[in-house]
Amino acid sequence: MHAPQVGDGRDRPAPPPPEAGNPLGEGDLTGRDAELLGVERFLSRAAGAGEVLVVTGPLGIGKSAVLHETVVRAGRAGFRVVRGTGHRAEADVPGAGLTQLLPHLPAPGRADHHPDGDALATRIVAAAEDHLAAGTALVQALFGRTGTAADTDAAAAAGGAAPLLIALDDAQWFDTTSLKALTSAVRGTRRPVALVIATRHGDRRDFARRSPQLRLGPLAPADAERLLDAQVRFLPARLRSRVLAEAGGNPAGIIGIAGALRDAGAPAASLLAPRLPLGERLQRTVCSLLDRAPAAARDFLLLAAVSHTDRVDVLLAAARAGGHGTGGMPAARRAGLVAVADGRLRFTHPLLPAALHWSASPGQRLPAHLALAEVHTGRPYLRALHAAAAATGPDEATAAALEAGAPADLPQAVAALERAADLSPTGQGRAARLVKAAHAADLCGQVSVLRHLVGRLMAGPLPASLTAEACALEARVAYLTDGVPEHALSVLSRSAAAPSTRRPAPFVAVAHALAPALFRPTVEQVLRPALEAELAEPGRADDPEILSALCWTDRGAYGARARPLLAAAAARHGSGAAPENLPHDAARDVAHVVMATALDDPVAADLISGHLLDAQAESGHFGPALTVLVHRQIAHLHLGLGPAVRRDAELGRRWAGAAQDTPAQVALRAGLAQAQAWTGEEEGHQTVTDEVLAYALPRRLQILAARARWARGLMALVHGRPEDAVEELRMLATDSGDAWHPVVAHWALGDYVAAAVATGRADEVHEPVRRAAEVDRRLDSPLLGLLVARSRALLSEGEEAERHFRAALTARGEPLRYERARTELAFGQWLRRQRRVLEARTHLQEAHDAFTALGADAWAHGAASELIAAGEATTAPPVWAARFHLTPREAEVAALAADGLTNQRIAWQLGLTHRTVASHLSRVFMKVGVSSRGQLPSVLGP
């Protein structure tokens, strides 16, 4: 006998373990609001008199979850809870269910202990003779009462007993005698007792027919989608639809299939099979539905489960072809396992086909596949699937049919193409199909599958005609696996050197996708000449993939040639046409986004990527989607869209985790660190940038290291540590630094110059500004033009400085809200120092408003401080400022000093010299009556 679990109403009971009593591990209540409202009403009625509720529904529908939630809610309402679970071995033992409840009788020594325990147990075991008496005695004993039924009922009615909930799960395995005893006793008592029984749909015993029922049906489509999303995110659209269709709204099915896909990574065998796997435990439980099915029915059911069709005529033809005759279907219908309507066969439980398929051995499925291949003569791909499942050796006809019919559902296409490769009788055909499968896996973002396929490809004899393709794929794997650009570049060089009839050559697609990370002198020596040769081929002069890669090797040289292509692409996406009506070429559009980043055009990158990402995700192309997402986040950084940067990082975290694309995941974290620097929140920032550098520096992954250094330099600058900022930014801005990357150095130019000027090292930034200006003359970049002009202004004096500030604030830079606000702030500071206070206020207010709108809190505080210095406070001064007669500037200096900032940090944050800060502090000490900054916090107070 098995003891149940008990809850005393004080704590939330733990959910039942996924063992015999809860084999499906059901625990989700998505979409059950109406049912739970019925549970609340049932408990409310039971608090006054005995009530019975039967929760029923097919296997896996969520009965255990509803039962558990009933227990939880009853406990909160003050019910004492007793739980029991049916067991198959005890189903035919009269009174076995009642004995489960005996351990919950009040213990000896308690006031409510039943004094006649031994006799009571004897009466309950003899329940077959008098089930009503046994049930009544047990219910009384659970309440701890010893008198007659009339006396104890009267006491209960007078409010002398706490309510009781008896919860029975898997009641299809409870003996009928026990259920009769309990239901009869509860219905006949005036005690506050609730009996809730969970049993499978189709339980026709008397207790179920005579009791109110709470019937659980399939989840509504929207609820099924929500439950799937909670289990596994970002399945390709077709695979997602397939999961939902095969689960048929069954919660355990959704959870089981999602778990199997998540744990196994959607292996080829799963995706080519007619049904997705359920997971071993659920599969075993569902197969219990077949316990009483005759052998003929089982044979037919397995045929139907592997068939990929529900047409009765096809299934009967296959049954005849397999030598089983047609008697299996009527037998299955009599067993209640299938139904037929309008010539279509339907399994009465949606998970049964999957359980049948995955519980059968390949040898058991073989005759069914052979029979189905014989009858599917008019559907070549479907016939090929069955022939492939039955094949034991090379079969070119089946391989060709699989290759030709490989569906748009990319994960299944990968599996179909790999199986076609396995069936190929020649090495050339095998290699060619493995190449196709690898390309499909790369589009899916399935790095582990891509690595597996490329490993198979490179392990066998490689035809010379496929060397270029294979090496390009190997380079992609090298980068995604270890993140070392030098390794990827060396393999990519072999691809570029190999002959290929494809145009553009196979290495180009990998080169443009990895171009930002492939910055190396060796790129100039090896990759650039190969790319230029491709560009010189007839008809390739405007190829966006080639130009995108070349822009990253030398954007000054190729920017003018690429910019018209980018402008045309941006115009197409900005035309207002619906995305489905736009000409669609994923490789071209991804190249345009990568190109836009190289050309400092965040507006175009954001515009194109917005349409492209939706299409890529819908198609399951998570590989290129991650590339696009990384570049869109960079565009959002340039545009000052902090919340969008964070959304990109969160989306990418899930996508990159599912795709195992570590470089993309790290790149998105680097962007998040930079946006965090705008707010000045240092908590966790060092950890994130340390992690990025720990990944990037050993691999010499310069672009990621540079972005991490930039984020750290920017955080130091925000917090008034320009010396630290110079040290970080020098590492990415000079070719002797460990994170040197010329493109990121241009993006960080304004910060490097500001930090250098603040520390008196202006001489070291004149040359970087000159080089950036030279690139800008050829690139004509609004972003770089703004940064160069602001940098020159900071390095100049008098009218020349003003001219450069005004040049930086031209209309071309309006979309670049963050850098434009930085320029407004710097110009306002300069004007204030020139004693042009009224003009300064205008620019400082523009900066303050922009930073506030962008959520750049640290910069907004700096702008507010400058406005105070210009005589226009943005916030009310603290109370203590008036008490000690401090000026607004003195109050601001005092507050920062009380926070522990040094004079130098205060000077940087407020745009003053450290001597001016010292002067303000001396006056503060005199007015406040202290002799050191350490005394300020206690004197100033809150």
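Up top you'll find the structure we're talking about.
About the criteria used
- Residues numbered from 1 in each chain as written.
- Predicted model: local features only at pLDDT ≥ 70, side-chain atom pairs only at ≥ 80, totals over all residues.
- Heavy atoms only, no water.
- Helix = DSSP H or I, 4+ residues; strand = E, 2+ residues; numbered from the N terminus.
- Contact = heavy atoms within 4.5 Å.
- Areas by Shrake-Rupley, 256 points an atom, 1.4 Å probe, with all protein chains shown as cover.
- Buried < 20%, exposed > 50% of the residue type's maximum accessible area, 1.4 Å probe, protein only.
- Salt bridge = Lys/Arg side-chain N within 4 Å of Asp/Glu carboxyl O.
- Core = buried A, V, L, I, M, F, W, Y, C linked by side-chain atoms within 4.5 Å.
- Axes fitted to C-alpha atoms, helices over the stretch in contact; angles between N-to-C directions.
- Parallel < 35°, antiparallel > 145°, perpendicular 65-115°, else oblique.
- Left-handed = near helix turned anticlockwise from the far one by under 90°.
- Phe/Tyr/Trp six-rings, centres within 6.5 Å; stacked < 30°, edge-to-face > 60°.

1. As for the overall build of the protein chain
Point 1. Counting its regular elements, the protein chain contains 50 helices and eight strands.
Point 2. Nonlocal contacts in the protein chain, meaning residues at least 24 apart in sequence, comprise 68% of its contacts between residues at least 6 apart.
Point 3. A total accessible area of about 37,900 Å² is found for the protein chain, and carbon and sulfur atoms account for 53% of it.

2. A short note on helix α17 (residues 352-359)
Point 1. For α17, the tally of buried residues reaches six of eight residues, placing the bulk of the element in the interior.
Point 2. What α17 keeps buried is the set Leu352, Pro353, Ala354, Ala355, Leu356 and His357.
Point 3. Residues of α17 that are buried sit in contact with α13 (280-287), α14 (295-305), β8 (344-347) and α18 (362-375).

3. A closer look at the pattern of salt bridges
Point 1. Scanning all chains against the criterion turns up 56 salt bridges.
Point 2. Across the pair Arg456 and Glu418 runs a salt bridge, and its minimum N-O distance is 2.9 Å. Linking Arg456 in helix α23 (residues 447-459) with Glu418 in helix α21 (residues 410-423), this pair joins segments that are 38 residues apart in sequence.
Point 3. Note on Arg456: relative accessible area 22%, which makes it partly exposed.
Point 4. Connected through shared salt-bridge partners, Asp690, Arg709, Arg712, Glu728 and Asp738 make up one network.

4. What about the environment of Val66?
Point 1. Position of Val66 relative to the elements: it lies in helix α2 (residues 63-76).
Point 2. Judged by its relative accessible area of 0%, Val66 falls in the buried class.
Point 3. Among residues more than four places away in sequence, those in contact with Val66 are Leu29, Val39, Val55, Leu214 and Leu216.

5. Let's talk about the nonpolar core
Point 1. Core analysis: the largest hydrophobic core is formed by 159 residues, its most contacted members being Phe507, Leu531, Leu704, Leu732, Phe851 and Trp859.
Point 2. Per element, the largest residue contribution to this core is 11 residues, and it comes from helix α36 (residues 702-718).

6. Re the packing of helix α31 (residues 602-619) against helix α32 (residues 622-638)
Point 1. Between α31 and α32, the least distance of the axes is 9 Å, while the angle of their chain directions is 150 degrees. On the basis of the axis angle, α31 is roughly antiparallel to α32. The chirality of how α31 crosses α32 is left-handed. Across from Pro602, Ala605, Asp606, Ser609, Gly610, Leu612, Leu613, Gln616 and Ala617 in α31, the residues of α32 making contact are Phe622, Pro624, Ala625, Val628, Leu629, Arg632, Ala635, His636 and His638.

7. A few points about the environment of Val139
Point 1. Take Val139: it is sitting in helix α5 (residues 131-143).
Point 2. Residue classification places Val139 among the buried positions, given a relative accessible area of 2%.
Point 3. Sequence separation between Val139 and Ala185 is 46 residues, and the spatial gap between their C-alpha atoms is 7.3 Å.
Point 4. Look past the residues within four positions of Val139 in its chain and what remains in contact with it is Ala185 and Arg191.

8. Details of the packing of aromatic side chains
Point 1. On inspection of all chains with the given rule, the structure shows six aromatic pairs.
Point 2. The interplanar angle of 20 degrees and the centroid separation of 4.6 Å between the aromatic rings of Trp678 and Tyr818 together place this pair among those described as stacked. Here Tyr818 lies in helix α43 (residues 817-833) and Trp678 lies in helix α34 (residues 662-679), a separation of 140 residues in the sequence. Considered together, Trp678 and Tyr818 belong to a single accessibility category, that of buried residues.
Point 3. Ring geometry for Phe805 against Trp830: centres 6.2 Å apart, planes inclined by 50 degrees, an arrangement best described as tilted. Pair noted here: Phe805 is in helix α42 (residues 798-808) and Trp830 is in helix α43, with a separation of 25 residues, a long-range link.
Point 4. We classify Trp830 as buried; its relative accessible area is 7%.
Point 5. Members of the aromatic cluster, joined through ring pairs, are Trp678, Tyr818, Phe851 and Trp859.

9. Some details on helix α47 (residues 888-898)
Point 1. Here α47 lies mainly inside the structure; eight of its 11 residues are buried.
Point 2. Phi turns positive, to about 100 degrees, at Gly900, one or two residues after α47.

10. A look at unusual backbone geometry
Point 1. The amide bond that connects Arg503 to the next residue, Pro504, takes the cis arrangement and shows omega of -5 degrees.
Point 2. By the element assignment, Pro504 lies in the loop between α25 (485-497) and α26 (506-514).
Point 3. Of note, the phi angle at Asp600 is positive, near 55 degrees, even though the residue is not glycine.
Point 4. Among the secondary structure elements, Asp600 is positioned in the loop between α30 (586-598) and α31.
Point 5. Backbone geometry places Arg700, a non-glycine residue, at a positive phi of 55 degrees.
Point 6. Structurally, Arg700 can be placed in the loop between α35 (685-699) and α36.

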